[in-house]
Amino acid sequence: MQKDQTSNAPGSNHIQPFTPRINCICCIGAGYVGGPTCAVIALKCPEIQVLIVDKNQDRINAWNGETLPIYEPGLDEIVKHCRGRNLFFSTDIDAGIRDAQLIFISVNTPTKTYGIGKGRATDLQFVEAAARHIGQIATGKKIIVEKSTVPVKAAESIAKILYSNIDDNVSFEVLSNPEFLAEGTAINDLLQPDRVLIGGSQTDPGIEAINQLAWVYEHWVPPSKVLRTNVWSSELSKLASNAFLAQKVSSINAVSAICEATGADISDVAHSIGLDKRIGSKYLQASIGFGGSCFQKDVLSLTYICEALNLTEVADYWHQVVVMNNYQKKRFARKIIQCLFHTVSNKRIAIFGFTFKKDTADTRESSSIYVGKYLMDEEARLVVYDPKADKGQIISDLREVSSQDPQRVDRLVSVINDPYDAAKDAHAIVICTEWDEFKALDYEKIYNSMYKPAYIFDGRIILDHAALLRIGFHVEVVGKVMKKPVNDLTPF
Ligand code: UDX
Ligand code: ADP
């Protein structure tokens, strides 16, 4: 839906056209959010120059090379189509800031690991550094767009930083435009978003800036899906969306524990719950717990904000979502240990899947890390296979949760690039990520190569359990009570 650049911004219900139109966008931060988002903008807005800048030279080299630094289905084609045309990756942050009329801040916002709010508050040091950088370099009129997920009122801080050291010929308008893409489906989420949210000040320049950004998205997003709010509503909507989704996963995981204790079947229960249109069927897949860089961080951030606002009951309510998630990871690991005769010491356990979900190479906050940790605490030998996760990253993730004894990772963990080799001589296979390829493996062959009794723990409910039981596996599944394998002669 290419728009006539001289016409009114479609859907702009406030003011008349702005001149000049945006013809250059800079994105600070070439990560999981900035990279795909701006690649899609470049694809859909061929008349706009899109400069993605990052301080990390290796990352920029990778964006400019054959193998992109992040794996995301559909991304390669878009980057290769637009790169060198109107999409450029560079470490020249100053030039990006100078040339663009609109600048996305898309840097990392992890949970604080130090000081006040440690373990809960969002660490805004990277956002602040990016804002200071813009403040030093920018001249003229700039629209600054906060794309990283940040606590409510962060835009206000960005504006204060920007305005702290400027002369008369510079002006900034700060917008909040949170990104709702999920990894693994990012390109589709960007091409067909449920909504685009733009928060800005309700002054004339603020409304003009909102309309400018809306105009960019309306190259391909129907105007009815572009929502305009004040900055704080926009910031809070992002945190609340992730908290709602995480809450749904924690709720179904809580029900999965009841299923295992009663003989109810989580797949039947989730199906039945999800048919109620008021609830909906998405995010009802019981699992070993949610992972990823967003859910836990954002729920903790929301909790911290509520505490700061003296809303103790509200903080406790949301915090329970994370408590439940931690319980689910631990409960799954305990089940493995209990089934393997209460000891996994020196037993070989094949971990299938290490990323936090399928179709990504991202392992940030993956539940596999914690399941791996609990098993290592019991001296299990882990053999990890994942189709996409980087071997060095897997080792470093496990080292990080073994800070008291990092050497034990060298002693207990190996990463293998073939699932059949990983399962050979193993006592158990543990499915941690729902990769499609795990469904198509030859489990008869795998069974024959394993120690007996051979166990399989399906933490994602993706395998054909009846077929596995027929082969002879002992099968344990989140949220289900399984029958014994056909060849099991034990009396209990
Ligand atoms: C999430 C939000 O979906 C997205 O809108 C936001 O922009 C960023 O955070 P992401 O973390 O990439 O996206 O992936 P998502 O698909 O939401 O999954 C998060 C975690 O929840 C994964 O570990 C996934 O396996 C788990 N999950 C999800 C479940 O365990 N069960 C479900 O039913 C859904
Ligand atoms: P996200 O998942 O939110 O996209 P990532 O960690 O994948 O987060 O990416 C954030 C990127 O931002 C990293 O590549 C990091 O190097 C970059 N970055 C952080 N601070 C700055 C800064 N001040 N200037 C330029 N790039 C930055």
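Only a predicted model underlies this, so the values are computations on that prediction, with no experimental measurement involved.

A few words on the packing of aromatic side chains. Applying the stated rule across the entire model yields 14 aromatic pairs. Taking the centre distance of 5.7 Å and the plane angle of 80° together, the rings of Tyr163 and Phe172 count as edge-to-face. Phe172 gets classed as buried once you look at its relative accessible area, which sits at 4%. With a centroid separation of 6.2 Å and 65° between ring planes, the pair formed by Tyr385 and Phe438 is classed as edge-to-face. Here Tyr385, found in strand S10 (residues 381-385), pairs with Phe438, found in the loop between strand S12 (428-431) and helix H17 (443-449); they are 53 residues apart in sequence, far enough to count as distant. One aromatic cluster in this structure is built from Phe244, Tyr317 and Trp318.

A few words now on the site of ligand 2. The environment of ligand 2 is formed by 16 residues, the closest being Tyr32, Val33, Asp54, Arg59 and Arg364. With respect to ligand 2, the backbone of Tyr32 contributes an N or O atom lying 3.1 Å from an oxygen atom. At 3.1 Å, a side-chain N or O of Arg364 approaches an oxygen atom of ligand 2. Within the complex, the protein chains bury 88% of what would otherwise be the 590 Å² of accessible surface of ligand 2.

This next bit is on the UniProt feature "active site" (unreviewed entry) in the protein chain. According to UniProt, the positions carrying the feature "active site" (unreviewed entry) are Cys294. Note on placement: Cys294 falls in the loop between helix H10 (266-274) and helix H11 (295-308).

Time to look at the site of ligand 1. In the vicinity of ligand 1 lie 20 residues, with Phe180, Tyr283, Ser287, Lys357 and Arg460 positioned nearest. Interatomic distance of 2.8 Å between a backbone N/O atom of Glu183 and an oxygen atom of ligand 1. Taking Leu284, its main chain carries an N or O atom lying 3.3 Å from an oxygen atom of ligand 1. When the free accessible area of ligand 1 is taken as 660 Å², the share hidden by the protein chains comes to 91%. Here the element with the most residues in the shell around ligand 1 is helix H9 (residues 231-262); it accounts for four residues. For the shell around ligand 1, the per-class residue count stands at eleven nonpolar, four polar and five charged. Of the domains in this structure, domain 1 (3-229) and domain 2 (232-492) are the two that each give at least three residues to the shell around ligand 1.

Once that is clear, we can look at helix H13 (residues 367-377). With nine of eleven residues buried, H13 is to be regarded as a mostly interior element. Of the residues making up H13, those classed as buried are Ser367, Ser368, Ile369, Tyr370, Val371, Gly372, Tyr374, Leu375 and Met376. Downstream of H13 by one or two residues, Glu379 has phi in the positive range, about 70°.

Turning our attention to the packing of H9 against H10. At a closest axis distance of 10 Å, the pairing of H9 and H10 adopts a crossing angle of 140°. In terms of orientation, H9 lies oblique with respect to H10. Between H9 and H10 lies a crossing whose hand is right-handed. Of the residues in H10, those touching H9 at Ile252, Val255, Ser256 and Cys259 are Ile266, Val269, Ala270 and Ile273. Across the contact of H9 with H10, the residue classes tally to seven nonpolar, one polar and no charged.

Another aspect to go through is unusual backbone geometry. Across the junction of Lys452 and Pro453, the peptide omega takes the value -5°, indicating a cis bond. Turning to its location among the elements, Pro453 is positioned in the loop between H17 and strand S13 (455-458). One non-glycine residue, Phe341, lies in positive phi territory at about 65°. For Phe341, a relative accessible area of 52% translates into the label exposed.

Okay, the domain arrangement of the protein chain next. Once the domains are mapped, the protein chain shows domain 1 (3-229) and domain 2 (232-492). Facing 33 residues of domain 1, the contacting portion of domain 2 comprises 26 residues. Interface of domain 1 and domain 2: buried area, both sides summed, is about 2400 Å²; carbon and sulfur atoms make up 56% of it. On the domain 1 side of the interface with domain 2, the three residues burying the most area are Tyr71, Arg120 and Glu183, jointly 29% of the side's total. As a salt-bridge pair, Arg120 and Glu307 come within 2.1 Å of each other at their nearest N and O atoms. Between domain 1 and domain 2 we count 14 residue pairs in polar contact (both at pLDDT 80 or more) in total.

Cut-offs and rules
- Residues numbered from 1 in each chain as written.
- Chains lettered and ligands numbered in written order.
- Predicted model: local features only at pLDDT ≥ 70, side-chain atom pairs only at ≥ 80, totals over all residues.
- Heavy atoms only, no water.
- Phe/Tyr/Trp six-rings, centres within 6.5 Å; stacked < 30°, edge-to-face > 60°.
- Buried < 20%, exposed > 50% of the residue type's maximum accessible area, 1.4 Å probe, protein only.
- Helix = DSSP H or I, 4+ residues; strand = E, 2+ residues; numbered from the N terminus.
- Near = heavy atom within 4 Å.
- Polar contact = N/O pair within 3.5 Å; in protein donor to acceptor, adjacent residues only side chain to side chain.
- Areas by Shrake-Rupley, 256 points an atom, 1.4 Å probe, with all protein chains shown as cover.
- UniProt positions renumbered as here; feature names shortened; annotations may be inferred.
- Nonpolar A, V, L, I, M, F, W, Y, C, P; charged D, E, K, R; others polar.
- Domains from an automatic or database assignment.
- Axes fitted to C-alpha atoms, helices over the stretch in contact; angles between N-to-C directions.
- Parallel < 35°, antiparallel > 145°, perpendicular 65-115°, else oblique.
- Left-handed = near helix turned anticlockwise from the far one by under 90°.
- Contact = heavy atoms within 4.5 Å.
- Buried area = accessible area lost by both parts, 1.4 Å probe.
- Salt bridge = Lys/Arg side-chain N within 4 Å of Asp/Glu carboxyl O.

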